[in-house]
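# Examining the three-dimensional arrangement
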Amino acid sequence: MSDVATELRPPSDAVRPPRTAGAHNEDPAQDYRPPAPVPTTPTRALLRGFFSRGRDMLSLMPEQAYRDRVMKVGRTRRTIILVNDPEIVRRLMSDDVEEFPKNDLMSGALRPLVGDSVFVSDGAAWRRQRRMIDPAFGHIRIDRSFLAMQAAVDAYQNRLDDLAGTGATVSLEHEMSHVTADVICRTIFSRSLESEEAQEVFRSFTQFQGSVANLQLGRLLFGKAWAEVEQPPAAVDSARRIRHLLGGMIDRRIEEGGPEGGPEGGDIAGDLIAAIDPDDGSRFSRDELIDQIGVFFLAGHDTTAGALAWCLFMLSQQPQIVRRMRAEIAAVGGSEATIGLAQIKKMSFVRHVFREALRLYPPLAFIPRVAQTEGHFLDTRFPRGAMILISPWIMQRHRALWRKPDIFDPDRFAPGREKDRCDAAFLAFGQGPRVCIGAAFATIEASLILARIVRRYDIEALAPETVWPASRLTTRSVSGIPVRFRRFVDR
Ligand code: HEM
């Protein structure tokens, strides 16, 4: 692949720990600390933000951010408050949601693509959308979606067998985006990613993610609100193309089967076309359908893909964890035959490994809100309009809340280890009424993909010392994760 040569270049100004402790670990007693920026002093953080434009928020966070309960971030014109206290976060995200709505930051970036969809709307508009969408993600629907997940992973295994046969170097993030996009395509439209139209949606999403303007401290330092920052033409163009393609797919579905139509058993597109608001009997308009389906495509594959890529990268460095996963998969009956939902539910170690990847590399590193009125958290005051930052990245590595917070230790989620973790500070899926609608879906999907990959392949990371996280639209690597897949041979 042509982009791999570029990916192999290390980031020019990475702030690295002295050494990645325990890399490629055969010794279970040795700690493994996967790559993460070393927190810095507040002054250095400010200088870094000033001199390196485009630098991401993670590398600008001072050590204090990982220790304080509430902290004012930098000296920005618009007050930014970082909140790390689980009790205050619960208030913000669960009890007082009306007082702390979604922030213009996120909405401004996503609006060209997803309009005023459930991810960005607030108040009555959000409540109506959520009422109509929730049933599509209920328990029964997960059982049905699992068939789509299996079909996507079966197809993906053919691709991986070919890659393993040739020994080609590939981008792990791109690979995971491919399989998760196929899952979401089959779940929403009952069609595989192989169709020309779906391929084009996938390509346009990749372009959108690559070009959309991001949360950069430089912008905040100069006092510009996100919504004032114009999105680059490439992002606007790809958003327009995606909306056009999704609109065509929705039209065809309605023509084929009417609002109740669609394949037997239905899919998410069918559910949304047929959804009726129980309060006023209204349906989604065509534009609203494009908004919602756009969000499911974006939120439903990019997040899971990022988390899976980080998880598999860490596993490539931790063969003894891989051995334990293989033992569990074999023990619950996952032989060469298809792994079913019942078996996935029994794979607690596989789930703990994925949860630990979500803790260390939450796809949404920051969840912004805006204060509707002035107020204070502990003794830190903020004016009306202040940006309130909740950071799964920081809370999930907070020094006071987790034992050995920077160390990869999936067993911390095992029963009996409650003292070593803080469940109230696990925010990878958010919490309260705006909690991720796809959390159960993503956990099952990721467990299936992990189990199927780990059981059949070894992964060799080609330049692990160059792998470095940054907060973009989701948490991604700065210069890629080049890997090779090889068929695993059990000796
Ligand atoms: C590992 C995978 C995923 C992660 C880490 C994740 C994370 C999140 C987080 C943190 C939020 C809350 C944002 C906020 O409060 O501002 C959220 C909301 C949301 N997610 Fe996910 N997500 C994942 C997968 C999915 C999937 C698979 C879907 C759908 C197919 C999905 C659809 C949504 C939607 C629609 C919302 C908005 C909910 C609302 O505001 O009512 N997500 N997600």
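What you see is a predicted model; the values in this text were computed from it and never measured.

Thresholds, definitions, all that
- Residues numbered from 1 in each chain as written.
- Predicted model: local features only at pLDDT ≥ 70, side-chain atom pairs only at ≥ 80, totals over all residues.
- Heavy atoms only, no water.
- Phe/Tyr/Trp six-rings, centres within 6.5 Å; stacked < 30°, edge-to-face > 60°.
- Helix = DSSP H or I, 4+ residues; strand = E, 2+ residues; numbered from the N terminus.
- Buried < 20%, exposed > 50% of the residue type's maximum accessible area, 1.4 Å probe, protein only.
- Contact = heavy atoms within 4.5 Å.
- Axes fitted to C-alpha atoms, helices over the stretch in contact; angles between N-to-C directions.
- Nonpolar A, V, L, I, M, F, W, Y, C, P; charged D, E, K, R; others polar.
- Expected span 1.5 Å × (residues − 1).
- Near = heavy atom within 4 Å.
- Polar contact = N/O pair within 3.5 Å; in protein donor to acceptor, adjacent residues only side chain to side chain.
- 1 Å grid on protein atoms, 1.4 Å probe; cavity = no way out; pocket = protein on both sides within 12 Å on 5 of 7 lines; lining within 4 Å.
- Sits in = over half its atoms within 2 Å of the grid points.

### Regarding the packing of aromatic side chains
For any pair of aromatic rings, the description rests on two quantities: the centre-to-centre distance and the angle between the ring planes. A full pass over the atoms with the stated rule returns 13 aromatic pairs. Ring centres of W310 and F313 lie 6.4 Å apart, and the angle between their planes is 90°; this geometry places the pair in the edge-to-face category. Of this pair, W310 and F313 are both found in helix α12 (residues 286-316), 3 residues apart, which corresponds to roughly one turn of the helix. Ring geometry for Y457 against F485: centres 6.1 Å apart, planes inclined by 85°, an arrangement best described as edge-to-face. Of this pair, Y457 sits in strand β8 (residues 457-461) while F485 sits in strand β11 (residues 482-487), and the two are 28 residues apart along the sequence. Summarising the burial analysis for this pair, Y457 and F485 share the class buried.

### Notes on the environment of R417
Looking at where R417 falls in the secondary structure, it is placed in the loop between α16 (392-395) and α17 (439-456). By relative accessible area, R417 is classed as partly exposed at 21%. Here R417 is in contact with R403, D409, D411 and R412, once residues within four sequence places are set aside.

### A look at the packing of helix α13 (residues 319-331) against helix α15 (residues 348-360)
Packing of α13 against α15 brings their axes to within 8 Å, and their N-to-C directions diverge by 140°. Judged by residue contacts, I321, R324, M325, E328 and I329 of α13 engage S348, F349, V350 and V353 from α15. Looking at the contact of α13 with α15 residue by residue, the class counts come to 6 nonpolar, 1 polar and 2 charged.

### Some details on helix α7 (residues 172-189)
With 18 residues, α7 ought to run about 26 Å at 1.5 Å a step, and its terminal C-alpha atoms sit 26 Å apart, in line with that. Within α7, 17 of the 18 residues are buried, leaving the element largely enclosed by the surrounding structure.

### Things to note about the site of the ligand
Lining the immediate environment of the ligand, one finds 29 residues, of which W126, R130, R369, R434 and C436 sit closest. In this structure, V118 approaches the ligand through a main-chain N or O atom, which is 3.3 Å from an oxygen atom. Here R369 contributes a side-chain N or O atom positioned 2.7 Å from an oxygen atom of the ligand. Comparing atom positions with the cavity grids shows the ligand to sit within the largest cavity. Secondary-structure elements contributing two or more residues to the shell around the ligand are α5 (123-133), α12, β4 (367-370) and α17. Element by element, the count of residues in the shell around the ligand is highest for α12, at 6 residues. Residues belonging to the shell around the ligand are distributed by class as follows: 20 nonpolar, 5 polar and 4 charged.

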